[in-house]
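Architecture and fold: a report
Letter by letter, the chains look like this.
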Amino acid sequence: MPDKDNKLISDILEFFRSNPDRRYTSEQIEDVLRMHGASAFKRVVKALAVLEGEGKITLTNKDEFKMAQQTKVVEGVFKANEKGFGFVRYDEVEPDAFITRDHTLHAVNGDQVEIQITKPSNPWNDKGPECKITKIVERSVDKLVGEFHPYSDVQVKKTGHFGYVQSHEKRYSTYMIFISDKGLHPQMGDMVQVSIDEYPNDDHPQSMEGTALEIIGNKNDPGVDIISIVLDNDINPEFPKEVLDAAEKIPDHVTEADREGRKDLTKNTVITIDGDDSKDFDDAVEVEKLSNGNFHLGVHIADVTHYVREGSPIDDEAYERGTSTYLVDRVIPMLPFRLSNGICSLNPGEDRLALTCEMEIDPQGNVLTHDIFPSVIQSKYRMTYNNVNEILKGDVELNEEYADLVPMLKDMAELHEILFNKRHERGAIDFEETEAQIIVDENGKPIDIKLRNRGTSERMIESFMLAANETVAEHYNMSHVPFLYRVHEKPDAEKVKNFFEFAAAIGVQVKGNLKEITPKMFQNVLASVVDTPEEQVVTIMLLRSLQQARYSDQALGHFGLAAKYYTHFTSPIRRYPDLIVHRMVHEYAENGFTDKEKEKWAEKLQPIAEHTSSRERKSIDAERAVDDLKKTEYMADKVGEEFDAVVSSVTSFGMFIQLDNTVEGLIHISNMKDDYYEYDEKSMSMHGRSTGKTFKVGQAIRVKLIRADAEQRKIDFERVLTPEEAERAKQREEEFQKRRNSHSRSTFRGNGRGSKGGNGKGGHNNHRGGGHGRSNNNNKRRGKYESR
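Since we're looking at a predicted model, the values are computed, not measured.

Let's shift gears to the sheet that holds strand β1 (residues 23-24). Strand order in the open sheet formed by three strands is β1-β3-β2, with antiparallel pairing between adjacent strands. The two strands at the open ends of the sheet, each matched to only one other strand, are β1 and β2 (57-59). Most of the contacts of helix α3 (residues 38-53) go to β2, to which it runs at about 105 degrees, and overall it touches β2 and β3 (65-67).

Strand order in this open sheet of three strands is β29-β30-β31, and the pairing throughout is antiparallel. In this open sheet, the two strands that pair with only one neighbour each are β29 (677-680) and β31 (694-696). Each adjacent strand pair in this sheet contributes to an overall mean axis angle of 20 degrees, direction not counted. Of the pairings in the sheet, the one linking strand β30 (residues 685-688) to β31 comprises three bridges and is antiparallel in character. The residue of β31 that forms the bridge with Ser-685 is Lys-696.

Of all hydrophobic cores here, the largest spans 84 residues; its most connected members are Ile-273, Met-412 and Phe-464. When residues of this core are assigned to their parent elements, the largest contribution, nine residues, is made by helix α13 (residues 456-478). When neighbours within four sequence positions are excluded, Phe-464 is seen to be in contact with Val-285, Val-287, Leu-297, Val-299, Met-412, Leu-415, His-416 and Leu-419. The next biggest cluster of nonpolar side chains, apart from the first, holds 50 residues, and it includes Ala-503, Val-525, Phe-643 and Val-647.

Moving on, we come to the state of the cysteines. Here the structure, examined in full by the defined rule, presents zero disulfides. Cysteine Cys-357 shares no disulfide, and the gap to the nearest cysteine sulfur, in Cys-344, comes to 20 Å.

Turning our eyes to something else, we now look at the layout of surface pockets. By volume, the second largest pocket amounts to about 510 Å³. Counting residues per element, the ones that place at least two in the lining of the second largest pocket are α5 (224-232) and α18 (595-635). Sort the elements by how many residues they give to the lining of the second largest pocket and α5 lands first, with four residues. Broken down by class, the residue content of the lining of the second largest pocket amounts to six nonpolar, seven polar and ten charged.

This paragraph deals with the side chain of Glu-725. Here Glu-725 lies in helix α19 (residues 723-751). Since its relative accessible area comes to 6%, Glu-725 is described here as buried. Engagement of the side chain of Glu-725 in a polar contact is seen with the side chain of Lys-693, the distance being 3.2 Å. A polar contact of 3.3 Å, which involves the side chain of Glu-725, links it to the side chain of Arg-719.

As a further point, take the packing of helix α10 (residues 385-393) against helix α12 (residues 406-426). The geometry of α10 relative to α12 is characterised by a closest axis approach of 10 Å and an angle of 90 degrees between their N-to-C directions. Classified by the interaxial angle, the pair formed by α10 and α12 is roughly perpendicular. Counted together, Val-388, Ile-391 and Leu-392 of α10 and Val-406, Leu-409, Lys-410 and Ala-413 of α12 form the full contact between these two elements. Of the residues belonging to the contact of α10 with α12, the class tally is six nonpolar, no polar and one charged.

All chains considered together, the criterion is met by 21 aromatic pairs. A centroid spacing of 6.4 Å and a plane angle of 40 degrees characterise the contact between Tyr-151 and Phe-178, whose relative ring orientation is tilted. Of this pair, Tyr-151 sits in the loop between β9 (143-150) and α4 (153-159) while Phe-178 sits in strand β11 (residues 176-180), and the two are 27 residues apart along the sequence. What makes Phe-178 buried here is its relative accessible area of 13%. Ring centres 5.7 Å apart and planes at 70 degrees place the aromatic pair Phe-483 and Tyr-485 in the edge-to-face group. Using a relative accessible area of 1% as the deciding quantity, one classes Phe-483 as buried. Put simply, the rings of Tyr-476, Phe-483, Tyr-485, Tyr-588 and Phe-593 touch in pairs and so form one group of aromatic residues. Over the aromatic face of Phe-239 sits the side chain of Arg-321, whose NZ or CZ is 3.8 Å from the ring centroid.

Attention shifts here to the pairing of strand β16 (residues 283-289). The buried fraction of β16 is high, at five of seven residues. Note: β16 against strand β17 (residues 295-302), seven bridges, orientation antiparallel. Paired with Val-285 across the strands is Val-299, a residue of β17. If you look at the hairpin formed by β16 and β17, you'll find five residues sitting between the two strands, and Gly-293 has a positive phi there, around 95 degrees.

The next point concerns the packing of helix α8 (residues 313-321) against α18. Look at α8 against α18: their axes get within 8 Å of each other, and the N-to-C directions meet at 60 degrees. Classified by the interaxial angle, the pair formed by α8 and α18 is oblique. Touching Tyr-319, Glu-320 and Arg-321 of α8 are Pro-607, Ile-608, His-611 and Arg-615, all from α18. Its residues assigned to classes, the contact of α8 with α18 shows three nonpolar, one polar and three charged.

Along its 21 residues, α12 runs 31 Å from first to last C-alpha, staying within 8% of the 30 Å computed at 1.5 Å per residue. Listed as buried for α12 are Val-406, Met-408, Leu-409, Asp-411, Met-412, Ala-413, Leu-415, His-416, Ile-418, Leu-419 and Arg-423. The positive-phi residue at the C-terminal boundary of α12 is Gly-427, with phi of around 110 degrees.

Glancing now at the environment of Lys-66. For Lys-66, the position within the fold is in strand β3. Taking the C-alpha atoms as reference points, Lys-66 and Asn-19, 47 residues apart in sequence, are found 8.6 Å from one another. Beyond its immediate sequence surroundings of up to four residues, Lys-66 is in contact with Phe-16, Arg-22, Arg-23, Ile-57, Thr-58 and Thr-60.

Definitions and limits used
Residues numbered from 1 in each chain as written. Predicted model: local features only at pLDDT ≥ 70, side-chain atom pairs only at ≥ 80, totals over all residues. Heavy atoms only, no water. Pairing = 2+ DSSP bridges. Helix = DSSP H or I, 4+ residues; strand = E, 2+ residues; numbered from the N terminus. Contact = heavy atoms within 4.5 Å. Axes fitted to C-alpha atoms, helices over the stretch in contact; angles between N-to-C directions. Core = buried A, V, L, I, M, F, W, Y, C linked by side-chain atoms within 4.5 Å. Buried < 20%, exposed > 50% of the residue type's maximum accessible area, 1.4 Å probe, protein only. Disulfide = S-S within 2.5 Å. 1 Å grid on protein atoms, 1.4 Å probe; cavity = no way out; pocket = protein on both sides within 12 Å on 5 of 7 lines; lining within 4 Å. Points joined across faces, edges and corners; volume = space filled by probe spheres on them. Nonpolar A, V, L, I, M, F, W, Y, C, P; charged D, E, K, R; others polar. Polar contact = N/O pair within 3.5 Å; in protein donor to acceptor, adjacent residues only side chain to side chain. Parallel < 35°, antiparallel > 145°, perpendicular 65-115°, else oblique. Phe/Tyr/Trp six-rings, centres within 6.5 Å; stacked < 30°, edge-to-face > 60°. Lys NZ or Arg CZ within 6 Å of the ring centre and 35° of its normal. Expected span 1.5 Å × (residues − 1).

Here's what the structure looks like:
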């Protein structure tokens, strides 16, 4: 269909969307659009027929057209904007539905809501549907953490409230949570966890009622900032006493009874390879090059389920937590330290129980045979990534120190290359995303940000864990039994389209059919920007276009890995889904693939998948929030300094930029004073009206830090201007001030007495307005790569 016909269809649908209750004949539509003549009439009638065929409009018995009645009621998750409106995601294909402030029913961000579509989407111009909330199905929060603000005695007597708590989280910061005089009495500046007893309503749209549950400490005390974030994400930093007591009863060594029914692999040369500061070791590996040219790969995973029995206090607590949370200065573990750092940790020189996945792999990376069984192992070496990397680079001293181990390490590196090439050939997307390690002192104050560079050893262990995860997943899928999978579905078509348009805008050629998206297409885009200034930004934009990986009882495949079958088997110390996978392995081995066993797991797996996916997102949110907080604190004493940066995102209200140390901040459009800049959504760029200067994603830029607000976790920059640009900015500012003063005087004269139509205050509108946004790096740590 020609573009002009598409535009006509879009215009007609927009007209009906703006007048949903009125009826129009085709002639009236023709008049509204100012289209006359036989040819124009045919085009209008054809467009109306298309819209009627799509069910967007209906024809009455009086030959009049009207918007089709929207009676569709669906459920979704409400995402609130600080300005009062919001969106609801209710469908994997349809765009999110927009809700005006008046139709939110005072829902809070994250609430599960029931909505009625009031205006359908307009696919002809990419406009999403509009809706209204008809019911709040489930509240997303029942507790919040915020800063306490006390009331005076007079206010307490007048209001009945002791004061109010206000969250530092942007999505909740617009609400005042009033707490009564009963219960805990925090002091000014204390961070407090409160229960929500009454939610916003028509009488109190911007406030809630609550009860103070816990006083965390003053906001300026060391560590209070991090614990506040942890509690706000519903993560418990302490274990209940009954869980700790249960852990104390578990032996700290392998008993003779534990060894029964297990293969003894304690003589094998098994090693762990982890970070320098790792304390819990849940995976160990061994590799042997066979006489036939194939490789024997053994992946041994701590058998946590032997000690964490189903329905025990430890198991119930692990389920609630779902995962361990890794913060800049601490780990909040899923299991008590007695287990995670003790009997369940594959410590060197200690016999430990394991679940083993042995594989024979040919030189092309194919797994020819495999076996999954319970074992007893003993790690012979506790190796670190750094040392293994140096050994593989040829460090003389380390090669002498670990002479007995060097041949196996070289075989490991060779097998890794084979496995990597196999994944690459099938289209797996290989990210090399820069990660930052924030260094803090004993008081939690950030003193440095170091970039983590992955070497061969990190990639090597990743390859081995991926191989084990895929092998286990395929084994049980081929056995036709219920199983828990890690899935990563195909990305949303609209997000893919936007990403490839962005790639094309920066000069990257995209090969392939956009209607048949494959991981290989994304892989090719990344390959084309390796070692270029755009690599980091393209990686971030690609991650943002992908779906979020999750757990499922259905084998839906893993798009990012280009894998048909995938699970999480390799980290049961820190991920509950892995623990469940181990439990299934044991029970299927002991009880067989009976109908009773299948029915048991078929009933359990979906709730476990949904809960653990939710807990994973909470953990990631907490990790990111703490990183953002500490990065902001790190920049706080650098206000006024200049930095080299790259544009990471462009929006209608400004540009987000990223420094070399991964710190990200905003150049708000109001701080781009050398010209009037306009946003081009299609090319994701900003254009100066007078100068023609353009800013786009991936562009290098020199910036100056103007604000670092740790409480709000916001960092603001401005661009460093040339002398000519600075002079032009000065002139524009002076002209604006003159207009502003002139407008204020005229407003005062016209409205000074509160005349009809005036505000009686002589106010004025802010220049260009616009709220302060914050980058949503939801895909920054999207389980890169799903291995350990």
